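Fold and geometry: a report
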Amino acid sequence: MRLSWISRIQIILALAFYAILWGLREVFPQYSQLLTLVIFYTALGQAFNIFLGLTGYVDFGYVAFMALGMYGGALAVKYVASTGLAPILALVLGPLQSVAMAVVVASAIGLIALRLRGAYFAIATVGVNEGLRHLIEGARIWGGAEGVIIPGDLRKLFGDEGFGYIATVYADTMLVVIASCAAIATWVLKNSRIGYGLAALREDEDAAKVMGVNTTKYKIIAFITSAAFGSLIGSAWALKVTTIYPPEAFNITYTIEAIIVAVIGGAGTLFGPLIGGVLYTLTKYYLGVALPGLQLLIFAPILVAVATTFPRGVVGSIRMIYSRRYILRELLR
Amino acid sequence: MDIGGLLFNITSGLILGSIYGISTIGLSIIFGIMRVVNVGHGAFIMLGAYAAFWLFTLYGLIPFISAVVSLAMGLAIGMMLFYIIMRRIIRGEELMSLIAMYGVGVFLEELANYLWHADYRGYSWYIGAIPYLGLRIQLTAISGAILSIATIVSLFVFLYRTGLGSSLRAVVQDPVGAYICGIDVQRIYALGAGLGIGLATLGGVLLTLYNPTGIYPYMGHPYTLKAFVIAVLGGLGSILGAFLGGLIFGVIESGATYIFSQLGSPSPGSLALFLGFVILILILLIRPEGLLRR
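So, how was this worked out
Counting from 1, residues in each chain are numbered in the order their sequence is written. Starting at A for chains and at 1 for ligands, labels are handed out in the order in which the entities are written. Given that this is a predicted model, residues contribute local features only at a pLDDT of at least 70 and side-chain atom pairs are listed and counted only at 80 or more, while totals for whole chains, interfaces and linings are drawn from all residues. To get the side-chain values, take all heavy atoms of the structure and skip hydrogens and water. By the criteria applied, helices consist of DSSP H or I runs no shorter than four residues and strands consist of E runs no shorter than two, each listed in order from the N terminus. Here a residue-residue contact requires only that any non-hydrogen atoms of the pair lie within 4.5 Å. The buried label applies to any residue whose accessible area, calculated with a 1.4 Å probe on protein chains only, is under 20% of its type's maximum; exposed applies above 50%, and partly exposed to all values in between. Summed over both partners, the accessible area (1.4 Å probe) lost when two parts come together is defined as the buried area. Definition used for salt bridges: Asp or Glu carboxyl oxygen within 4 Å of a side-chain nitrogen of Lys or Arg. Two N or O atoms count as a polar contact when they lie within 3.5 Å, although within protein this holds only if one can serve as hydrogen donor and the other as acceptor, and sequence-adjacent residues are included solely when both atoms are side-chain atoms. Residues are grouped as follows: Ala, Val, Leu, Ile, Met, Phe, Trp, Tyr, Cys and Pro are nonpolar; Asp, Glu, Lys and Arg are charged; every other residue, Gly included, is polar. By convention a nonpolar core is built from buried Ala, Val, Leu, Ile, Met, Phe, Trp, Tyr and Cys residues, the set being connected through side-chain atoms within 4.5 Å.

Structural notes on the side chain of E130 of chain A
- Note that E130 of chain A resides in helix 5 (residues 118-138).
- The residues contacting E130 of chain A, other than those within four sequence positions of it, are F250 of chain A together with L225 and F277 of chain B.

Let's talk about unusual backbone geometry
- The phi dihedral of T242 of chain A is positive, around 60 degrees, even though this residue is not glycine.
- The topology assignment puts T242 of chain A in the loop between helix 9 (215-241) and strand 2 (243-244).
- T242 of chain A sits in the buried class, given a relative accessible area of 9%.
- In this structure, H117 of chain B takes a positive phi of about 65 degrees despite not being glycine.
- Residue classification places H117 of chain B among the partly exposed residues on the basis of a relative accessible area of 47%.

Comments concerning the environment of G159 of chain A
- For G159 of chain A, the location among the structural elements is in helix 6 (residues 151-190).
- Overall, the relative accessible area of 27% leaves G159 of chain A in the partly exposed class.

Digging into the interface of chain A and chain B
- With 39 residues of chain A at the contact, the number on the chain B side is 37 residues.
- Summing the contributions of chain A and of chain B, the shared interface buries around 3500 Å²; its carbon and sulfur component is 83%.
- Of all residues in chain A, Y120, I123 and L297 of chain A bury the most surface against chain B, accounting for 18% of the area lost on that side.
- Inspection of the chain A/chain B interface yields zero salt bridges.
- In this structure, the connection of chain A to chain B is made through two residue pairs in polar contact (both at pLDDT 80 or more).
- Elements that contribute at least two residues to the side of chain A that touches chain B include exactly helix 5, helix 11 (252-265) and helix 13 (295-309) of chain A.
- Considering every element that reaches the side of chain A that touches chain B, the biggest residue donor is helix 5 of chain A, with 15 residues.
- Each residue belonging to the side of chain A that touches chain B can be placed in one class, and the counts come to 27 nonpolar, eight polar and four charged.

Thoughts on the pattern of salt bridges
Residue and element names in this part refer to chain A.
- Enumeration over the complete set of coordinates arrives at 14 salt bridges over all chains.
- In this structure, R140 engages E146 in a salt bridge whose closest nitrogen and oxygen atoms are separated by 3.0 Å.
- With its nearest N and O atoms 2.9 Å apart, the salt bridge here joins R155 to D160.
- Given a relative accessible area of 40%, R155 falls into the partly exposed group.
- One network of salt bridges, in which partners are shared, links R25, E26, D172 and K240.

Quick notes on the nonpolar core
- Residues F60, F65 and I233 of chain A together with I25, M34, F44 and M86 of chain B are the most contacted members of the largest nonpolar core, which totals 201 residues.
- Formed by five residues, the second largest nonpolar core is a distinct cluster that contains F8, I15, A141 and A145 of chain B.

This is the structure:
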């Protein structure tokens, strides 16, 4: 992997962005609710972008990995609380278990569903997401429709103050770290052989195959990486929401929001999810403050307008406009 | 296990399935013609259900009349949507068309929520019931199935016995070829969008004949997902396939719910839907072209 200085600056800028986001949260505690949302949506977009942006495939069931992560994180807390192990183990086991579950499920889905393309792949992933949700409810796995409820366990493990700290500072810091790692993963993939293979695949899958690109392998690598980060976000998010019900955990809205964040910013670019996450969260938040209850009614037409007239997103469009400026073009890759 | 009960559930599954079939044909036509997956499908079913509810509650119009009204309404909405939105996403990226159609669905749901509030509504229109296997089937449900069959018959007459219908089939097969033959492809696209949305709204009215309760702004989501399964079962884009897929799915849903509940499952409905999605994945893997295509 040979790296130009521009590409080094690129990753430094992305990491600096996350550091600033985290710092702002510390400096302005009065905005911590809004900043938490910015961090969450940016992380979600960054993680989803690894698959959506790099391959161009639409995984409509991405939320399933986040949901698995939420269950993984919450069940670890429950387990540690009931066995009386060291409390810190709950926070270590949670992410590990989440990633393990997501990697297993993603490998299974990837190996079968990634043989499909376009609309068929999108529908298959919706099917997997809904199927998992109904399996959990119907077969009463992990509490079934009653869900997993952990505030009591968190209090038992960490006390009232510790619970509050974990649900705010700890979980938010964890999300920032996950988002930064997702950004690094995106950057590494994009600058590697895999990234070039995926770029070829996104333009023309058959041609890439003929040229000897192992498309299946690369697609599965991107899929599993993206799923693992999604599940980590879920395990952090579980510490914040603390109650996990199947209809909410598997709610397709999260998938759509991840898509919106990536697309508004510029799918496939490193900075896209950062800009998309900030734009999306601010718009959603302030619409909610200004016109409570109407934010989606106003947001939906904006979404349609973006998809029909502005498909490259902010970063992609800037890149197009300044396509003759080498440094800017490379920086916004 | 009670065979009579199972047969009864299979029959009501067939009735419900015929209604699923009609609304899924709407999804299939839009995909077949424009390669656009209407992820906002359920929102149009919701509009149809509300049309039936309001026309009955406010003006006392029976659902048979609402069916015609909502078909016309859907046709108009669909054509409008084509000229405003779908026209721009036909040959674009998959991702953009999915987002745009999702946005349309959310907009309609939120509009319904704003205008009519998120209350569960229903109406009661009783025209009698006939005894069947020791239980009773509502005549309204049966009339829903009869309307579905009438709709699919007229749809086939339109597609195979009229000039406009032939043009539509030609565009499905090959838009460029159709264009060369002098067909106004844009107009046919608009017609297809109208027909697709119209059948979805019509399906919404028919659904209220089967179950006149539970009408609310977000009722459409499960129907979108079921329509995906049904459309894939019959082969995306196939009209007869969508109808047969609807019948099969209706029978599986009702039959499996009954069997699981007899087996003592506390949430048989969820298990039945799980089964539905397993079938979806299997079909996609083994026969992605659907049951009917050769």
